[in-house]
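Fold and contact review
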Amino acid sequence: MNIGTIITLAIVAAAAGLAIKSMIRDKKNGKSLQCGGDCSRCGGHCH
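Being a predicted model, the structure only gives us computed values, none of them experimental.

The next subject is the overall build of the chain. Helix and strand counts for the chain stand at one helix and zero strands. Within the chain, buried positions represent 11% of all 47 residues.

Time to look at helix H1 (residues 3-28). Between the first and last C-alpha of H1 there are 37 Å, a value that for 26 residues agrees with the 38 Å anticipated at 1.5 Å per step. Sitting at the head of H1, asparagine 2 places a side-chain oxygen 3.2 Å from the backbone nitrogen of glycine 4. In the stretch just after H1, glycine 30 is the one whose phi turns positive, near 85 degrees.

Below, the discussion takes up a nonpolar patch on the surface. The grouping of Met1, Ile3, Ile6, Ile7, Leu9 and Ile11 at the surface amounts to a nonpolar patch, some 680 Å² of accessible area in total. One can find isoleucine 11 in helix H1. Residue isoleucine 11 is classed as exposed on the basis of its relative accessible area, which comes to 56%.

The rules behind these values
- Residues numbered from 1 in each chain as written.
- Predicted model: local features only at pLDDT ≥ 70, side-chain atom pairs only at ≥ 80, totals over all residues.
- Heavy atoms only, no water.
- Helix = DSSP H or I, 4+ residues; strand = E, 2+ residues; numbered from the N terminus.
- Buried < 20%, exposed > 50% of the residue type's maximum accessible area, 1.4 Å probe, protein only.
- Expected span 1.5 Å × (residues − 1).
- Polar contact = N/O pair within 3.5 Å; in protein donor to acceptor, adjacent residues only side chain to side chain.
- Patch = residues over 30% accessible without salt bridge, like charges linked within 9 Å, V, L, I, M, F, W, Y side chains within 5 Å.
- Areas by Shrake-Rupley, 256 points an atom, 1.4 Å probe, with all protein chains shown as cover.
- Salt bridge = Lys/Arg side-chain N within 4 Å of Asp/Glu carboxyl O.

Written out as C-alpha coordinates, the structure is:
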(Lines give C-alpha, C1' and ligand atoms only; values in the text may rest on other atoms or scores of the structure.)
Protein backbone atom coordinates (compact mmCIF):
# COMPACT_ATOMS: atom_id res chain seq x y z
CA MET A 1 0.00 0.00 0.00
CA ASN A 2 1.27 3.43 -0.82
CA ILE A 3 0.96 6.55 1.33
CA GLY A 4 -1.98 7.93 -0.68
CA THR A 5 -4.03 4.79 -0.06
CA ILE A 6 -3.21 4.86 3.64
CA ILE A 7 -4.22 8.52 3.98
CA THR A 8 -7.46 7.94 2.07
CA LEU A 9 -8.26 4.91 4.22
CA ALA A 10 -7.62 6.93 7.39
CA ILE A 11 -9.92 9.74 6.21
CA VAL A 12 -12.71 7.31 5.31
CA ALA A 13 -12.35 5.49 8.65
CA ALA A 14 -12.46 8.78 10.56
CA ALA A 15 -15.59 9.91 8.67
CA ALA A 16 -17.30 6.58 9.36
CA GLY A 17 -16.37 6.80 13.04
CA LEU A 18 -17.78 10.32 13.32
CA ALA A 19 -21.00 9.25 11.60
CA ILE A 20 -21.45 6.32 13.97
CA LYS A 21 -20.68 8.51 16.98
CA SER A 22 -23.28 11.03 15.81
CA MET A 23 -25.92 8.32 15.35
CA ILE A 24 -25.24 6.94 18.84
CA ARG A 25 -25.48 10.44 20.36
CA ASP A 26 -28.75 11.12 18.51
CA LYS A 27 -30.19 7.80 19.66
CA LYS A 28 -29.31 8.61 23.29
CA ASN A 29 -31.01 12.00 22.88
CA GLY A 30 -34.23 10.38 21.63
CA LYS A 31 -33.76 11.01 17.92
CA SER A 32 -33.91 8.35 15.23
CA LEU A 33 -33.73 8.21 11.44
CA GLN A 34 -36.73 5.88 11.29
CA CYS A 35 -38.98 8.34 13.13
CA GLY A 36 -37.97 11.53 11.39
CA GLY A 37 -35.91 12.63 14.38
CA ASP A 38 -38.71 12.68 16.93
CA CYS A 39 -39.24 9.39 18.76
CA SER A 40 -42.09 10.83 20.83
CA ARG A 41 -44.30 10.69 17.70
CA CYS A 42 -43.42 7.25 16.37
CA GLY A 43 -45.39 5.16 18.82
CA GLY A 44 -42.36 3.77 20.61
CA HIS A 45 -40.74 1.94 17.69
CA CYS A 46 -37.42 3.71 18.31
CA HIS A 47 -36.85 2.25 21.73
